[in-house]
Amino acid sequence: QVQLVESGGGLVQPGGSLRLSCAASGSSLRIYVMEWYRQASGKQREWVSGITAIGSSTYKDSVKGRFTISRDNSKNTAYLQMNSLNLEDTAVYYCKFTTSVGVYWGQGTQITVSS
């Protein structure tokens, strides 16, 4: 059974930075795509960013230039560096891994941007 464990959420002031991590358990796991989604209160979950196994990354337009996704394949871990955070970034952030044995989601971590 593969589990994704997220960390790094919290409260930050506008303009601040946070880094999220998402680590997958399980050895001999091939992870094709690592992605981040978010869901603001009362809204649908939306895709934020993704990175392929070879490091090709894509971003939602509203986070381009502010967020950076990366991965450490040796640790089965994805990261999301978030800079210049604004009020609209407040949401629960979820990681999603597409792997050789299925698709898995993290438990979610709250990011609150507030002054």
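Residues numbered from 1 in each chain as written. Predicted model: local features only at pLDDT ≥ 70, side-chain atom pairs only at ≥ 80, totals over all residues. Heavy atoms only, no water.

(A) Quick look at the pairing of strand S1 (residues 4-7). Of the two faces of S1, the one lined by Leu4 and Glu6 is fully buried and the one lined by Val5 and Ser7 carries no buried residue. Pairing of S1 with strand S3 (residues 18-24) involves four bridges; the strand directions are antiparallel. Residue pairing in the sheet places Ser7 in a bridge with Ser21 of S3. (Buried < 20%, exposed > 50% of the residue type's maximum accessible area, 1.4 Å probe, protein only. Helix = DSSP H or I, 4+ residues; strand = E, 2+ residues; numbered from the N terminus. Pairing = 2+ DSSP bridges.)

(B) A look at the nonpolar core. One finds Leu4, Trp36, Phe67, Leu80, Met82, Tyr93 and Phe97 to be the most contacted residues of the largest nonpolar core, which totals 28 residues. Elements that contribute at least two residues to this core include exactly S3, strand S4 (31-39), strand S5 (46-52), strand S7 (67-72), strand S8 (77-82), strand S9 (91-99) and strand S11 (109-113). Filtering out sequence-adjacent residues up to four positions away, Leu80 remains in contact with Leu18, Arg19, Leu20, Trp36, Ser49, Phe67, Thr68, Ile69 and Tyr93. (Core = buried A, V, L, I, M, F, W, Y, C linked by side-chain atoms within 4.5 Å. Contact = heavy atoms within 4.5 Å.)

(C) Representation of the state of the cysteines within the structure. Tallied over the entire structure, the rule returns one disulfide. Put simply, Cys22 and Cys95 are joined by a disulfide, and their sulfur atoms are 1.9 Å apart. Across the disulfide from Cys22 to Cys95, rotation about the S-S bond amounts to roughly 55 degrees, and the bridge is consequently right-handed. Pair noted here: Cys22 is in strand S3 and Cys95 is in strand S9, with a separation of 73 residues, a long-range link. (Disulfide = S-S within 2.5 Å.)

(D) Local environment of the packing of aromatic side chains. On inspection of all chains with the given rule, the structure shows two aromatic pairs. Each ring, one from Tyr37 and one from Trp105, has its centre 4.9 Å from the other, and the planes form 55 degrees; the classification is tilted. With Tyr37 in strand S4 and Trp105 in strand S10 (residues 102-105), this pair connects stretches of sequence that are 68 residues apart. By relative accessible area, which is 36% here, Trp105 ends up partly exposed. Pairing Tyr94 with Trp105 gives two aromatic rings, centres 6.5 Å apart and planes at 80 degrees, and the pair type is edge-to-face. Of the two residues, Tyr94 sits in strand S9 while Trp105 sits in strand S10, which places them eleven residues apart along the sequence. One aromatic cluster is present, formed by Tyr37, Tyr94 and Trp105 through successive ring pairs. (Phe/Tyr/Trp six-rings, centres within 6.5 Å; stacked < 30°, edge-to-face > 60°.)

(E) Quick peek at the pairing of S8. Extensive coverage of S8 is indicated by the burial of five of its six residues. Relative to S8, S3 runs antiparallel, the two sharing six bridges. What sits directly across from Ala23, in S8, is Thr77. Two elements, S7 and S8, share six bridges in a ladder whose sense is antiparallel. Within the sheet, the bridge partner assigned to Thr68 lies in S8 and is Gln81. Hairpin geometry of S7 and S8 is characterised by an intervening segment of four residues between the two adjacent antiparallel strands and by a positive phi of about 50 degrees at Asn76.

(F) Quick look at the side chain of Thr99. With respect to the secondary-structure elements, Thr99 resides in strand S9. On the accessibility criterion, Thr99 (7% relative accessible area) is buried. At a separation of 3.0 Å, a polar atom in the side chain of Thr99 contacts the main-chain amide nitrogen of Val101. Within polar-contact distance, the side chain of Thr99 engages the backbone oxygen of Gly102 at 2.8 Å. (Polar contact = N/O pair within 3.5 Å; in protein donor to acceptor, adjacent residues only side chain to side chain.)

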